[in-house]
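So you can see what is in the structure, the chains are spelled out below.
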Amino acid sequence: MLVSLNLLAFALCVVFLAYVAVICISYLRLAPPPPGEVDTFGWHVVVPCLDEEAVIGTTLHRLLAAVPTAHLWCVDDASSDRTAAIVAEIAAEDPRVHLLRRTLPDARQGKGEALNHAWRAISAWEAGTRDRSRVIVGVVDADGELDAGALPTLASDRYFGDPTIGAVQVAVRIANRSTGERPAPRTPWRRRLLDLQDLEFVGPIAAMQLLRERTGSVAMGGNGQLSRLSVLDEIAERAGTPWHGALLEDFELGVHVLLAGHRTAYCHHVQVAQEGLPTVGALIRQRSRWAQGAMQCRRYLRPVLASRHIPNAAAFEIAYFLLLPWIQVVGSIVYAASYLVLFGYLAGTAGGPAGWIASGQWGVLPLVAVGGLGPFVIWGVIYRARVEPSLTRRQAVALGVANWLYSALHHVAIWWAVGRVLTRRRDWKKTARLAAPAPSPAPQPTPIP
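Throughout what follows, the structure given in this document is the object of discussion. (Residues numbered from 1 in each chain as written. Predicted model: local features only at pLDDT ≥ 70, side-chain atom pairs only at ≥ 80, totals over all residues. Heavy atoms only, no water.)

## Here's the deal with the overall build of the chain
Going by this rule: What counts as a helix is a DSSP run of H or I of at least four residues, what counts as a strand is a run of E of at least two, and both are numbered from the N terminus. In this scheme, a residue with accessible area under 20% of its type's maximum is buried, one over 50% is exposed, and one in between is partly exposed, where area comes from a 1.4 Å probe on protein chains only. Contacts between residues were defined by any pair of non-hydrogen atoms, one from each residue, lying within 4.5 Å. Areas reported here follow the Shrake-Rupley algorithm with a probe of radius 1.4 Å; residue values treat only the protein chains shown as occluding.
Broken down by element type, the chain carries 14 helices and 8 strands. Counting only residues that meet the buried cut, the chain has 52% of its 449 residues in that class. Contacts in the chain between residues far apart in sequence, at least 24 positions, make up 82% of those at least 6 positions apart. Here the chain displays about 20,300 Å² of accessible surface, and carbon together with sulfur accounts for 63% of that area.

Below, the structure written as C-alpha coordinates:
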(Lines give C-alpha, C1' and ligand atoms only; values in the text may rest on other atoms or scores of the structure.)
Protein backbone atom coordinates (compact mmCIF):
# COMPACT_ATOMS: atom_id res chain seq x y z
CA MET A 1 0.00 0.00 0.00
CA LEU A 2 2.85 2.39 0.83
CA VAL A 3 4.52 1.60 -2.49
CA SER A 4 1.28 2.34 -4.34
CA LEU A 5 0.87 5.59 -2.44
CA ASN A 6 4.38 6.72 -3.34
CA LEU A 7 3.87 5.74 -6.99
CA LEU A 8 0.65 7.76 -7.13
CA ALA A 9 2.39 10.76 -5.56
CA PHE A 10 5.25 10.38 -8.08
CA ALA A 11 2.79 10.21 -11.00
CA LEU A 12 1.02 13.38 -9.81
CA CYS A 13 4.38 15.15 -9.51
CA VAL A 14 5.38 14.17 -13.04
CA VAL A 15 2.07 15.36 -14.50
CA PHE A 16 2.29 18.63 -12.54
CA LEU A 17 5.89 19.25 -13.66
CA ALA A 18 4.94 18.63 -17.30
CA TYR A 19 2.00 21.02 -17.02
CA VAL A 20 4.16 23.75 -15.45
CA ALA A 21 6.77 23.32 -18.20
CA VAL A 22 4.14 23.69 -20.95
CA ILE A 23 2.55 26.83 -19.51
CA CYS A 24 5.96 28.42 -18.87
CA ILE A 25 6.87 28.00 -22.55
CA SER A 26 3.63 29.69 -23.66
CA TYR A 27 4.21 32.51 -21.16
CA LEU A 28 7.77 33.30 -22.21
CA ARG A 29 7.05 33.38 -25.97
CA LEU A 30 4.34 36.07 -25.98
CA ALA A 31 4.71 39.30 -28.02
CA PRO A 32 2.32 42.33 -28.06
CA PRO A 33 0.07 43.00 -31.09
CA PRO A 34 -0.06 46.27 -33.08
CA PRO A 35 -2.89 48.63 -31.99
CA GLY A 36 -6.32 48.61 -33.66
CA GLU A 37 -8.90 51.26 -34.58
CA VAL A 38 -10.71 52.19 -31.35
CA ASP A 39 -13.33 54.40 -33.01
CA THR A 40 -14.74 51.54 -35.09
CA PHE A 41 -16.24 50.09 -31.91
CA GLY A 42 -18.71 51.27 -29.30
CA TRP A 43 -17.34 50.73 -25.78
CA HIS A 44 -19.27 50.23 -22.54
CA VAL A 45 -17.87 49.36 -19.11
CA VAL A 46 -20.14 47.93 -16.40
CA VAL A 47 -19.18 48.51 -12.76
CA PRO A 48 -21.30 46.42 -10.35
CA CYS A 49 -21.55 48.16 -6.97
CA LEU A 50 -22.60 47.02 -3.52
CA ASP A 51 -21.49 49.28 -0.66
CA GLU A 52 -18.52 50.69 -2.60
CA GLU A 53 -18.45 54.17 -1.01
CA ALA A 54 -14.74 53.86 -0.17
CA VAL A 55 -13.59 53.30 -3.76
CA ILE A 56 -16.25 54.07 -6.38
CA GLY A 57 -15.46 57.77 -6.85
CA THR A 58 -11.77 57.13 -7.46
CA THR A 59 -12.55 54.19 -9.75
CA LEU A 60 -14.91 56.20 -11.96
CA HIS A 61 -12.50 59.11 -12.33
CA ARG A 62 -9.72 56.70 -13.30
CA LEU A 63 -11.93 54.95 -15.84
CA LEU A 64 -13.09 58.21 -17.37
CA ALA A 65 -9.46 59.16 -17.96
CA ALA A 66 -8.32 55.70 -19.09
CA VAL A 67 -11.14 54.92 -21.56
CA PRO A 68 -12.35 58.32 -22.80
CA THR A 69 -14.59 56.89 -25.55
CA ALA A 70 -16.45 54.47 -23.27
CA HIS A 71 -19.73 54.82 -21.38
CA LEU A 72 -19.61 53.69 -17.74
CA TRP A 73 -22.64 51.90 -16.29
CA CYS A 74 -22.69 51.64 -12.49
CA VAL A 75 -25.21 49.13 -11.18
CA ASP A 76 -26.00 50.00 -7.57
CA ASP A 77 -27.29 46.76 -6.04
CA ALA A 78 -29.20 48.36 -3.13
CA SER A 79 -26.12 49.71 -1.35
CA SER A 80 -26.63 50.80 2.24
CA ASP A 81 -23.98 53.54 2.05
CA ARG A 82 -23.41 56.59 -0.22
CA THR A 83 -22.39 54.61 -3.31
CA ALA A 84 -25.40 55.69 -5.39
CA ALA A 85 -25.09 59.32 -4.30
CA ILE A 86 -21.41 59.46 -5.30
CA VAL A 87 -22.16 57.92 -8.71
CA ALA A 88 -25.08 60.34 -9.23
CA GLU A 89 -22.82 63.31 -8.49
CA ILE A 90 -20.26 62.17 -11.08
CA ALA A 91 -23.00 61.34 -13.61
CA ALA A 92 -24.36 64.89 -13.27
CA GLU A 93 -20.96 66.20 -14.36
CA ASP A 94 -20.18 63.69 -17.13
CA PRO A 95 -22.82 62.20 -19.48
CA ARG A 96 -20.66 59.13 -20.04
CA VAL A 97 -21.52 57.93 -16.52
CA HIS A 98 -24.88 56.19 -15.99
CA LEU A 99 -26.39 55.12 -12.67
CA LEU A 100 -28.60 52.03 -12.67
CA ARG A 101 -30.33 51.38 -9.35
CA ARG A 102 -31.67 48.04 -8.18
CA THR A 103 -33.92 47.83 -5.14
CA LEU A 104 -34.86 45.08 -2.75
CA PRO A 105 -36.21 42.43 -2.96
CA ASP A 106 -34.90 42.15 -6.55
CA ALA A 107 -31.45 43.47 -5.64
CA ARG A 108 -28.62 41.53 -4.01
CA GLN A 109 -29.32 38.37 -5.99
CA GLY A 110 -25.72 37.93 -7.05
CA LYS A 111 -23.29 39.65 -9.39
CA GLY A 112 -24.74 37.88 -12.42
CA GLU A 113 -28.15 39.50 -11.96
CA ALA A 114 -26.56 42.94 -11.59
CA LEU A 115 -24.66 42.40 -14.86
CA ASN A 116 -27.84 41.24 -16.60
CA HIS A 117 -29.53 44.46 -15.49
CA ALA A 118 -26.73 46.47 -17.12
CA TRP A 119 -26.92 44.36 -20.29
CA ARG A 120 -30.62 45.22 -20.66
CA ALA A 121 -29.90 48.93 -20.24
CA ILE A 122 -27.01 48.90 -22.72
CA SER A 123 -29.05 46.84 -25.16
CA ALA A 124 -31.83 49.46 -25.10
CA TRP A 125 -29.30 52.30 -25.35
CA GLU A 126 -27.69 50.76 -28.46
CA ALA A 127 -30.98 49.71 -30.11
CA GLY A 128 -30.82 50.50 -33.82
CA THR A 129 -27.65 52.61 -33.55
CA ARG A 130 -24.96 50.34 -35.03
CA ASP A 131 -23.87 46.78 -35.70
CA ARG A 132 -24.14 45.10 -32.29
CA SER A 133 -21.11 42.93 -33.03
CA ARG A 134 -19.09 46.18 -32.97
CA VAL A 135 -20.35 47.07 -29.47
CA ILE A 136 -18.09 45.85 -26.67
CA VAL A 137 -19.33 45.43 -23.09
CA GLY A 138 -16.67 45.16 -20.38
CA VAL A 139 -16.86 44.45 -16.66
CA VAL A 140 -14.58 46.19 -14.15
CA ASP A 141 -14.94 45.75 -10.41
CA ALA A 142 -15.65 48.78 -8.23
CA ASP A 143 -12.03 48.80 -7.05
CA GLY A 144 -10.63 48.23 -10.55
CA GLU A 145 -8.19 50.37 -12.54
CA LEU A 146 -7.95 49.72 -16.28
CA ASP A 147 -4.89 50.59 -18.37
CA ALA A 148 -5.04 53.87 -20.28
CA GLY A 149 -3.84 51.99 -23.38
CA ALA A 150 -6.41 49.23 -23.10
CA LEU A 151 -8.76 50.08 -25.97
CA PRO A 152 -6.22 50.27 -28.86
CA THR A 153 -4.85 46.86 -27.90
CA LEU A 154 -8.30 45.32 -27.47
CA ALA A 155 -9.33 46.68 -30.89
CA SER A 156 -6.35 44.98 -32.58
CA ASP A 157 -6.64 42.08 -35.01
CA ARG A 158 -5.58 39.65 -32.27
CA TYR A 159 -8.66 40.52 -30.22
CA PHE A 160 -11.91 42.25 -31.23
CA GLY A 161 -10.50 43.15 -34.64
CA ASP A 162 -10.91 39.43 -35.33
CA PRO A 163 -14.65 38.80 -35.91
CA THR A 164 -14.39 35.24 -34.58
CA ILE A 165 -13.44 36.50 -31.08
CA GLY A 166 -16.56 36.77 -28.92
CA ALA A 167 -15.00 37.66 -25.56
CA VAL A 168 -11.62 38.73 -24.16
CA GLN A 169 -10.17 38.53 -20.66
CA VAL A 170 -7.35 40.93 -19.70
CA ALA A 171 -4.55 40.41 -17.18
CA VAL A 172 -5.17 41.14 -13.50
CA ARG A 173 -2.71 42.86 -11.16
CA ILE A 174 -2.83 43.57 -7.44
CA ALA A 175 -2.88 47.35 -7.00
CA ASN A 176 -1.75 47.39 -3.35
CA ARG A 177 1.24 45.08 -3.82
CA SER A 178 4.63 46.21 -2.50
CA THR A 179 5.61 47.79 -5.83
CA GLY A 180 2.12 49.09 -6.71
CA GLU A 181 0.81 52.66 -6.77
CA ARG A 182 -1.67 52.13 -3.94
CA PRO A 183 -0.42 52.00 -0.34
CA ALA A 184 0.65 48.53 0.80
CA PRO A 185 0.12 47.30 4.38
CA ARG A 186 2.88 48.04 6.87
CA THR A 187 2.94 44.50 8.20
CA PRO A 188 5.62 42.51 6.29
CA TRP A 189 3.68 39.26 6.07
CA ARG A 190 0.61 41.08 4.72
CA ARG A 191 2.74 42.74 2.04
CA ARG A 192 4.14 39.35 1.13
CA LEU A 193 0.62 37.90 0.91
CA LEU A 194 -0.37 40.66 -1.55
CA ASP A 195 2.81 40.13 -3.58
CA LEU A 196 2.00 36.42 -3.81
CA GLN A 197 -1.47 37.21 -5.15
CA ASP A 198 0.09 39.47 -7.78
CA LEU A 199 2.58 36.76 -8.71
CA GLU A 200 -0.27 34.27 -8.99
CA PHE A 201 -2.35 36.45 -11.33
CA VAL A 202 0.43 37.52 -13.70
CA GLY A 203 2.37 34.28 -13.35
CA PRO A 204 0.70 30.86 -13.29
CA ILE A 205 -2.86 32.10 -13.96
CA ALA A 206 -1.69 34.19 -16.92
CA ALA A 207 0.37 31.26 -18.22
CA MET A 208 -2.64 28.94 -17.96
CA GLN A 209 -4.72 31.44 -19.92
CA LEU A 210 -2.05 31.65 -22.63
CA LEU A 211 -2.06 27.88 -22.90
CA ARG A 212 -5.85 28.00 -23.16
CA GLU A 213 -5.44 30.33 -26.14
CA ARG A 214 -3.78 27.42 -27.90
CA THR A 215 -6.48 24.95 -26.88
CA GLY A 216 -9.34 27.41 -27.53
CA SER A 217 -10.65 27.45 -23.96
CA VAL A 218 -9.70 30.84 -22.45
CA ALA A 219 -11.77 31.46 -19.31
CA MET A 220 -13.39 34.74 -18.33
CA GLY A 221 -12.61 36.37 -14.99
CA GLY A 222 -14.82 38.47 -12.76
CA ASN A 223 -12.72 41.60 -13.35
CA GLY A 224 -11.53 42.74 -16.78
CA GLN A 225 -13.78 40.62 -19.01
CA LEU A 226 -15.15 42.07 -22.28
CA SER A 227 -17.75 40.62 -24.67
CA ARG A 228 -19.47 41.62 -27.89
CA LEU A 229 -23.02 42.80 -27.31
CA SER A 230 -24.18 40.54 -30.16
CA VAL A 231 -22.70 37.52 -28.37
CA LEU A 232 -24.42 38.46 -25.10
CA ASP A 233 -27.68 38.75 -27.08
CA GLU A 234 -27.14 35.32 -28.59
CA ILE A 235 -26.47 33.72 -25.21
CA ALA A 236 -29.63 35.35 -23.85
CA GLU A 237 -31.65 33.88 -26.71
CA ARG A 238 -30.30 30.42 -25.92
CA ALA A 239 -30.23 30.53 -22.12
CA GLY A 240 -32.51 33.40 -21.02
CA THR A 241 -29.80 35.84 -19.86
CA PRO A 242 -26.06 36.29 -20.56
CA TRP A 243 -24.98 35.74 -16.94
CA HIS A 244 -26.32 33.04 -14.65
CA GLY A 245 -26.42 32.06 -11.01
CA ALA A 246 -23.19 30.19 -10.31
CA LEU A 247 -20.74 31.66 -7.81
CA LEU A 248 -18.27 31.56 -10.72
CA GLU A 249 -20.51 33.53 -13.07
CA ASP A 250 -17.49 34.77 -15.04
CA PHE A 251 -16.31 31.29 -15.99
CA GLU A 252 -19.92 30.36 -16.71
CA LEU A 253 -20.20 33.21 -19.23
CA GLY A 254 -17.05 32.06 -21.00
CA VAL A 255 -18.47 28.56 -21.37
CA HIS A 256 -21.65 30.00 -22.90
CA VAL A 257 -19.58 32.05 -25.37
CA LEU A 258 -17.83 28.87 -26.51
CA LEU A 259 -21.06 26.85 -26.65
CA ALA A 260 -22.52 29.58 -28.89
CA GLY A 261 -19.71 28.95 -31.38
CA HIS A 262 -17.49 31.96 -30.66
CA ARG A 263 -13.85 32.09 -29.57
CA THR A 264 -12.45 33.56 -26.37
CA ALA A 265 -9.05 35.23 -26.02
CA TYR A 266 -6.67 36.33 -23.28
CA CYS A 267 -4.97 39.75 -23.51
CA HIS A 268 -1.81 39.69 -21.41
CA HIS A 269 -0.67 43.16 -22.51
CA VAL A 270 -3.64 44.99 -20.98
CA GLN A 271 -4.10 44.89 -17.24
CA VAL A 272 -6.78 45.74 -14.74
CA ALA A 273 -5.57 46.41 -11.20
CA GLN A 274 -7.65 45.52 -8.16
CA GLU A 275 -7.24 45.38 -4.40
CA GLY A 276 -5.59 42.29 -3.03
CA LEU A 277 -6.76 40.58 0.15
CA PRO A 278 -4.43 41.40 3.06
CA THR A 279 -5.54 38.59 5.40
CA VAL A 280 -5.34 34.83 5.11
CA GLY A 281 -8.97 34.39 6.17
CA ALA A 282 -10.30 36.68 3.44
CA LEU A 283 -8.10 34.99 0.83
CA ILE A 284 -9.25 31.48 1.79
CA ARG A 285 -12.86 32.65 1.74
CA GLN A 286 -12.41 34.08 -1.78
CA ARG A 287 -10.70 30.96 -3.13
CA SER A 288 -13.32 28.74 -1.51
CA ARG A 289 -15.99 30.69 -3.40
CA TRP A 290 -14.07 30.14 -6.63
CA ALA A 291 -13.74 26.43 -5.94
CA GLN A 292 -17.41 26.09 -5.04
CA GLY A 293 -18.31 27.99 -8.20
CA ALA A 294 -16.29 25.55 -10.29
CA MET A 295 -18.08 22.67 -8.58
CA GLN A 296 -21.44 24.27 -9.43
CA CYS A 297 -20.40 24.56 -13.09
CA ARG A 298 -19.94 20.79 -13.39
CA ARG A 299 -23.38 20.72 -15.02
CA TYR A 300 -21.69 22.11 -18.13
CA LEU A 301 -19.39 19.11 -18.45
CA ARG A 302 -21.72 17.09 -20.69
CA PRO A 303 -22.73 20.03 -22.95
CA VAL A 304 -19.06 20.99 -23.39
CA LEU A 305 -18.00 17.44 -24.28
CA ALA A 306 -20.93 17.08 -26.68
CA SER A 307 -20.62 20.50 -28.36
CA ARG A 308 -19.70 20.57 -32.04
CA HIS A 309 -18.42 24.14 -31.60
CA ILE A 310 -15.75 23.35 -28.99
CA PRO A 311 -12.54 21.62 -30.22
CA ASN A 312 -11.43 18.43 -28.50
CA ALA A 313 -8.43 20.11 -26.84
CA ALA A 314 -10.65 22.89 -25.46
CA ALA A 315 -13.26 20.41 -24.22
CA PHE A 316 -10.55 18.39 -22.47
CA GLU A 317 -9.08 21.50 -20.80
CA ILE A 318 -12.51 22.72 -19.64
CA ALA A 319 -13.33 19.26 -18.30
CA TYR A 320 -10.03 19.30 -16.43
CA PHE A 321 -10.90 22.69 -14.89
CA LEU A 322 -14.36 21.51 -13.84
CA LEU A 323 -12.90 18.40 -12.24
CA LEU A 324 -9.89 20.21 -10.77
CA PRO A 325 -11.43 20.90 -7.32
CA TRP A 326 -12.03 17.17 -6.87
CA ILE A 327 -8.57 16.34 -8.24
CA GLN A 328 -7.12 18.76 -5.69
CA VAL A 329 -9.07 17.05 -2.92
CA VAL A 330 -7.54 13.70 -3.88
CA GLY A 331 -4.13 15.30 -4.40
CA SER A 332 -4.14 16.93 -0.98
CA ILE A 333 -4.82 13.55 0.62
CA VAL A 334 -2.13 11.78 -1.41
CA TYR A 335 0.54 14.44 -0.84
CA ALA A 336 -0.22 14.71 2.88
CA ALA A 337 -0.05 10.93 3.26
CA SER A 338 3.23 10.78 1.30
CA TYR A 339 4.83 13.39 3.55
CA LEU A 340 3.61 11.50 6.63
CA VAL A 341 5.20 8.33 5.28
CA LEU A 342 8.44 10.21 4.63
CA PHE A 343 8.52 11.59 8.17
CA GLY A 344 7.60 8.14 9.46
CA TYR A 345 10.65 6.66 7.76
CA LEU A 346 12.76 9.49 9.14
CA ALA A 347 11.57 8.92 12.70
CA GLY A 348 11.57 5.11 12.55
CA THR A 349 15.03 4.52 11.11
CA ALA A 350 17.63 3.39 13.66
CA GLY A 351 19.93 6.25 14.52
CA GLY A 352 17.33 8.92 13.69
CA PRO A 353 17.95 11.40 10.87
CA ALA A 354 21.66 10.51 10.68
CA GLY A 355 20.83 6.83 10.29
CA TRP A 356 18.18 7.65 7.70
CA ILE A 357 20.74 9.57 5.63
CA ALA A 358 23.35 6.82 6.06
CA SER A 359 20.84 4.21 4.83
CA GLY A 360 20.60 6.01 1.48
CA GLN A 361 16.93 6.90 1.82
CA TRP A 362 17.84 10.57 1.49
CA GLY A 363 17.74 10.03 -2.29
CA VAL A 364 14.04 10.85 -2.20
CA LEU A 365 14.77 14.44 -1.14
CA PRO A 366 15.87 15.68 -4.61
CA LEU A 367 12.59 14.32 -5.99
CA VAL A 368 10.67 16.17 -3.29
CA ALA A 369 12.62 19.36 -4.04
CA VAL A 370 12.15 19.15 -7.81
CA GLY A 371 8.58 17.88 -7.87
CA GLY A 372 7.22 19.57 -4.76
CA LEU A 373 9.15 22.84 -4.44
CA GLY A 374 10.55 23.57 -7.90
CA PRO A 375 7.26 24.27 -9.76
CA PHE A 376 6.45 27.01 -7.25
CA VAL A 377 9.92 28.54 -6.82
CA ILE A 378 10.35 28.95 -10.60
CA TRP A 379 7.52 31.50 -10.65
CA GLY A 380 9.46 33.79 -8.32
CA VAL A 381 12.32 33.79 -10.84
CA ILE A 382 9.98 34.37 -13.82
CA TYR A 383 8.13 37.10 -11.93
CA ARG A 384 11.39 39.00 -11.44
CA ALA A 385 12.49 38.47 -15.04
CA ARG A 386 9.24 39.44 -16.78
CA VAL A 387 7.19 41.57 -14.35
CA GLU A 388 9.14 43.04 -11.40
CA PRO A 389 12.82 43.52 -12.36
CA SER A 390 13.34 45.69 -9.25
CA LEU A 391 13.45 42.51 -7.16
CA THR A 392 16.85 41.04 -6.35
CA ARG A 393 17.59 37.39 -7.17
CA ARG A 394 17.44 36.56 -3.47
CA GLN A 395 14.05 38.27 -3.12
CA ALA A 396 12.75 36.42 -6.18
CA VAL A 397 13.79 33.03 -4.80
CA ALA A 398 12.35 33.91 -1.38
CA LEU A 399 9.08 34.88 -3.05
CA GLY A 400 9.10 31.56 -4.93
CA VAL A 401 9.58 29.60 -1.71
CA ALA A 402 6.77 31.62 -0.12
CA ASN A 403 4.68 30.72 -3.17
CA TRP A 404 5.10 27.05 -2.25
CA LEU A 405 3.72 27.75 1.24
CA TYR A 406 1.01 29.97 -0.28
CA SER A 407 -0.18 27.00 -2.36
CA ALA A 408 -1.14 25.21 0.86
CA LEU A 409 -3.87 27.81 1.41
CA HIS A 410 -5.61 26.55 -1.72
CA HIS A 411 -5.89 23.09 -0.19
CA VAL A 412 -7.59 24.61 2.87
CA ALA A 413 -9.92 26.53 0.56
CA ILE A 414 -10.82 23.39 -1.39
CA TRP A 415 -11.86 21.53 1.73
CA TRP A 416 -13.88 24.53 2.91
CA ALA A 417 -15.65 24.55 -0.46
CA VAL A 418 -16.36 20.81 -0.16
CA GLY A 419 -17.93 21.39 3.24
CA ARG A 420 -20.12 24.16 1.84
CA VAL A 421 -21.23 21.97 -1.06
CA LEU A 422 -22.12 19.11 1.29
CA THR A 423 -24.11 21.46 3.54
CA ARG A 424 -25.65 23.21 0.49
CA ARG A 425 -24.56 26.67 1.55
CA ARG A 426 -24.40 29.44 -1.09
CA ASP A 427 -24.20 32.60 1.03
CA TRP A 428 -21.02 34.68 1.01
CA LYS A 429 -19.92 37.64 3.10
CA LYS A 430 -18.70 40.51 0.93
CA THR A 431 -15.09 41.58 1.56
CA ALA A 432 -14.81 45.17 2.78
CA ARG A 433 -12.95 47.59 0.49
CA LEU A 434 -9.95 49.66 1.49
CA ALA A 435 -10.21 53.38 0.79
CA ALA A 436 -8.52 54.17 -2.52
CA PRO A 437 -6.19 57.17 -2.94
CA ALA A 438 -7.21 59.99 -5.28
CA PRO A 439 -6.43 59.31 -8.95
CA SER A 440 -3.74 61.07 -10.87
CA PRO A 441 -5.02 63.38 -13.66
CA ALA A 442 -3.82 61.14 -16.50
CA PRO A 443 -3.10 57.51 -15.51
CA GLN A 444 -0.57 55.81 -17.74
CA PRO A 445 -0.67 52.15 -18.78
CA THR A 446 1.67 49.69 -17.13
CA PRO A 447 2.00 46.96 -19.76
CA ILE A 448 3.13 43.52 -18.76
CA PRO A 449 6.08 42.37 -20.90
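## Quick notes on the pattern of salt bridges
Short version of the rule: Salt bridge, as applied in this entry: a Lys or Arg side-chain nitrogen positioned within 4 Å of an Asp or Glu carboxyl oxygen.
Going through the model one piece at a time under the given rule, you end up with 15 salt bridges. A salt bridge links R82 to E89; the nearest nitrogen and oxygen atoms lie 3.2 Å apart. As a salt-bridge pair, R287 and E200 come within 2.7 Å of each other at their nearest N and O atoms. Within this pair, whereas R287 is found in helix α9 (residues 280-296), its partner E200 is found in helix α6 (residues 188-215), the two being separated by 87 residues in sequence. Since its relative accessible area comes to 10%, E200 is described here as buried. Through salt bridges with shared partners, a single network forms among R173, R177, D198 and E388.

## Some words on the packing of α6 against helix α14 (residues 393-422)
Using the following cut-off: Convention adopted: a line fitted to C-alpha atoms gives each axis, helices being fitted over their contacting stretch, and angles between N-to-C directions are expressed from 0 to 180 degrees. The scheme is simple: roughly parallel for angles under 35 degrees, roughly antiparallel for over 145, roughly perpendicular for 65 to 115, oblique for anything else. Ten residues, namely Ala, Val, Leu, Ile, Met, Phe, Trp, Tyr, Cys and Pro, are considered nonpolar, four, namely Asp, Glu, Lys and Arg, are considered charged, and the remaining ones, Gly among them, are considered polar.
In the contact formed by α6 and α14, the axes pass within 10 Å of each other and the chain directions differ by 85°. Between α6 and α14, the angle is such that the two are roughly perpendicular. For the pair formed by α6 and α14, the contact residues are R192, L193, D195, L196, Q197, L199 and E200 on the first element and A398, L399, A402, N403, Y406, L409 and H410 on the second. Partitioned by chemical class, the residues of the contact of α6 with α14 number 8 nonpolar, 3 polar and 3 charged.

## Structural notes on the nonpolar core
Note the cut-off: Nonpolar cores are built from buried Ala, Val, Leu, Ile, Met, Phe, Trp, Tyr and Cys residues. Side-chain atoms within 4.5 Å join them into one set.
Among the nonpolar cores identified, the biggest contains 41 residues, and W43, I56 and L154 are the most heavily contacted of them. Elements supplying a minimum of two residues to this core: β1 (42-49), α2 (56-66), β2 (70-77), α3 (83-93), α5 (150-154), β6 (165-174), α6 and β8 (263-274). The biggest single contributor to this core is β6, with 5 residues. Beyond its immediate sequence surroundings of up to four residues, W43 is in contact with V38, T69, A70, H71, I136, L151, L154, A155 and L226.

## Structural notes on α3
Quick note on the threshold: In this description, the arc belongs to the directions extending from the helix axis to the C-beta atoms.
Among all positions in α3, only T83, A84, I86, V87 and I90 are buried. Along α3, the residues classed as buried sweep out an arc of 160° about the axis, all on the same side. Across α3 from its buried face, at more than 90 degrees, point the exposed residues A92 and E93. Lining the buried residues of α3 we find β1, α2, β2 and β3 (97-102).

## As for the pairing of β1
Just so we agree on the cut-off: At least two DSSP bridges between two strands are required for those strands to pair. The path from the first strand over the helix to the second decides the hand: if it runs clockwise while the strands point away from the viewer, the crossover is right-handed.
Across the 8 residues that make up β1, a large majority, 8, are buried. Of the two faces of β1, the one lined by G42, H44, V46 and P48 and the one lined by W43, V45, V47 and C49 are each fully buried. Of the strand pairs in this sheet, β1 and strand β4 (residues 135-139) are connected by 5 bridges, and their pairing is parallel. Paired with G42 across the strands is V135, a residue of β4. Sheet topology places β1 next to β2; 7 bridges connect them, and they run parallel. Each bridged residue has a counterpart across the sheet, and for H44 the counterpart in β2 is H71. This β-α-β element, β1 to α2 to β2, shows right-handed connectivity.

## A look at the side chain of N223
The condition is simple: Polar contacts, as counted here, are pairs of nitrogen or oxygen atoms within 3.5 Å of one another; within protein the pair requires one atom able to donate a hydrogen and one able to accept it, and residues that are adjacent in sequence qualify only if both atoms are side-chain atoms.
Mapped onto the elements of the fold, N223 is located in the loop between α6 and β7 (225-228). Polar contacts involving the side chain of N223 include one to the main-chain amide nitrogen of D141, which spans 2.8 Å. Apart from the residues within four sequence positions on either side, N223 is in contact with V139, V140, D141, G144, Q169, V172, V272, A273 and Q274.

## Considering unusual backbone geometry
Negative phi characterises most residues that are not glycine, and trans characterises most peptide bonds. Cis peptide bonds are those with omega within 30 degrees of zero, and the linkage from L104 to P105 qualifies with 10°. Secondary-structure assignment places P105 in the loop between β3 and α4 (111-125). For D51, which is not a glycine, the phi torsion comes out positive at approximately 55°. Following the sequence through the fold, D51 ends up in the loop between β1 and α2. Of the residues examined, D51 reaches a relative accessible area of 29% and is grouped as partly exposed. Phi is positive for R424, close to 60°, though the residue is something other than glycine. Given a relative accessible area of 78%, R424 falls into the exposed group.

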